[in-house]
Amino acid sequence: MTKRVCVIGAGAAGLAAAKYSLAQGLEVEVFEQTNSVGGTWVYSEQTGCHSSMYQNLKTNLPKEVMQFRDVPFRSELPSFLTHEDVLEYLQEFSRGLPINFNQTVESVERIDNMWKVTTHHGTGINEQLFDIVFVCNGHYFEPNNPYKDNDFQGTLIHSHDYRRAKDYIDKEVIVIGAGPSGIDIALQLSDTARKITLISRKATYPTLPENITQISQHVKKVVENGCETDDGTVITADTIIVCTGYFYRYPFLNDEILQVKENNQLVSPIFEHVVHADYPDSLFFIGLNLVTITFPLFEYQVKMALAFATGKAPIPDRQVLIDYERNQIEHQKSRGLETRFYHLLQNEQWEYLRRIAKIGGFEEWPYMKTIENITQYLHEQRKSNVIGYKNINFKLSDDGMDYEVVRC
Ligand code: NAP
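Given the structure is predicted, the values throughout are model-derived calculations rather than measurements.

**Things to note about the sheet that holds strand E11 (residues 195-199)**
Two orientations exist for strands paired in a sheet by backbone hydrogen bonds: parallel and antiparallel. Ordered in space as E9-E16-E10-E11-E12, the five strands form an open sheet in which the pairing is parallel. The sheet terminates laterally at strand E9 (155-158) and strand E12 (212-215), the two strands that pair on one side only. With strand direction ignored, the average angle separating the axes of adjacent strands in the sheet is 20°. Bridge count between E11 and E12: four bridges; the pairing is parallel. Opposite Ile196, over in E12, you have Ile212 as the bridge partner. Of the strands in this sheet, strand E10 (172-176), E11, E12 and strand E16 (239-242) touch helix H4 (residues 180-189), which is tilted by about 170° from E11.

**Focus on the domain arrangement of the protein**
By the assigned domains, the protein splits into domain 1 (4-141 + 246-365), domain 2 (145-242) and domain 3 (369-407). A straight line from the C-alpha centre of domain 1 to that of domain 2 covers 31 Å. Residue-level contacts link 20 residues of domain 1 with 14 residues of domain 2. The contact between domain 1 and domain 2 buries some 1200 Å² in all, and 39% of this surface belongs to carbon and sulfur atoms. Taken as a group, Tyr54, Gln55 and Tyr246 account for 44% of the area that domain 1 buries against domain 2, more than any other trio of residues on that side. The tally of links from domain 1 across to domain 2 stands at one salt bridge. Residue Arg164 is joined to Glu45 by a salt bridge in which the shortest nitrogen-to-oxygen separation is 2.3 Å. At the junction of domain 1 with domain 2, the criterion picks out 12 residue pairs in polar contact (both at pLDDT 80 or more). Taken together, the residues of the side of domain 1 that touches domain 2 break down into eight nonpolar, 10 polar and two charged.

**Thoughts on the site of the ligand**
The immediate surroundings of the ligand are formed by 27 residues, with Lys58, Tyr147, Ser181, His218 and Val219 found nearest. Between Cys243 and the ligand, the recorded distance is 3.3 Å, taken from a backbone N or O atom to an oxygen atom. The separation between an oxygen atom of the ligand and a polar side-chain atom of Arg340 is 3.1 Å. Starting from 920 Å² of accessible surface for the ligand in isolation, the protein chains cover 82%. No other element matches the three residues that H4 contributes to the shell around the ligand. Taken together, the residues of the shell around the ligand break down into 12 nonpolar, nine polar and six charged. Here the shell around the ligand spans two domains, since at least three of its residues come from each of domain 1 (4-141 + 246-365) and domain 2 (145-242).

Thresholds applied
- Residues numbered from 1 in each chain as written.
- Predicted model: local features only at pLDDT ≥ 70, side-chain atom pairs only at ≥ 80, totals over all residues.
- Heavy atoms only, no water.
- Pairing = 2+ DSSP bridges.
- Helix = DSSP H or I, 4+ residues; strand = E, 2+ residues; numbered from the N terminus.
- Axes fitted to C-alpha atoms, helices over the stretch in contact; angles between N-to-C directions.
- Contact = heavy atoms within 4.5 Å.
- Domains from an automatic or database assignment.
- Buried area = accessible area lost by both parts, 1.4 Å probe.
- Salt bridge = Lys/Arg side-chain N within 4 Å of Asp/Glu carboxyl O.
- Polar contact = N/O pair within 3.5 Å; in protein donor to acceptor, adjacent residues only side chain to side chain.
- Nonpolar A, V, L, I, M, F, W, Y, C, P; charged D, E, K, R; others polar.
- Near = heavy atom within 4 Å.
- Areas by Shrake-Rupley, 256 points an atom, 1.4 Å probe, with all protein chains shown as cover.

Rendered as structure tokens:
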């Protein structure tokens, strides 16, 4: 009998899971809690919703790196895309997929070797049994805000609720954290705010606009009039934007099935960031990793998962699945990374992709080498020219195996 697949979430990861499951002849139902596809790429003027998208966000990866296999972005688009461009791409990619909109997954339970998935739609409850579940609910919707409780007299928000630079005209703003959100938001604010102080150990950018001051420290605490850094300096401001990242969250899975450890930064027990160690042929997580090429990586992860689910590739011994977490913690330690960076791949993503293709027994995508080369080139550009690197355009050779930078 044809296996039934449930996909939770219609963002990029969920769409990939649905598309490649259908391509394998499986029966698929996608459940999406909002009324549209795109997940994190859906912009809303309202705050407090699923997406953390803000006005005028441009991708920090070029379209040549972000595309699914054989589905290029429109050729007339520049390399660095607006969020509207990405959403349009995902809408196109989603055509024909069986998506149930406005259906929130309430619970996923194990019953008689099947997954009982309970969803709600308005006041109605729906229960269905599935053989396979892909969890693709994203991980940029639950703010990690260590300063939620504070005595600050001004306005304090998390980057999840940042929308427009024009809301900060003439303000004095502290941006806490210089990850992708912190630096991007600080640069947007430099056009509108009077003064921006970017506080983060990562705040060491070589050239920034004049109204951005970098303080390479951690914030110890938020005080009435601003922030105190680890060395005791107090910086004052009327607004604080906390850009300290996000938590993983799976409200529909109980603790017996899934734990989220290390201050909600480590999803457990998962083999190779995808495969649940106790249900290796039926419960999969797509897109858990941090600092990766996203869409092509999702595609590889889905392919490995499907190889296990359909019996096309042998599932490693149970002990290998179980030991993965301990080994990965040790491995990250050997890279100088704390356990909270368990899912961080960065420059190890290329080796990871090769490994999961081998484990899943599927052919690697030759173009992945071009993706790797462009990503590595950009890594240096971003460090030396964080203001201007998004003006770069790439031109691919006819066979896609080489590229040139056509405009800087
Ligand atoms: P993030 O990558 O988790 O970065 C959080 C930052 O906050 C880190 O630099 C961290 O530094 C810092 N931090 C934490 N506690 C701090 C403290 N007490 N004081 C000062 N700094 C502190 O989160 P994010 O920047 O929100 O990015 C999340 C994801 O969103 C990224 O993976 C990216 O893909 C995506 N994103 C993309 C774009 C784009 O495409 N244009 C824009 C924004 C976000 P330590 O590590 O030193 O603690």
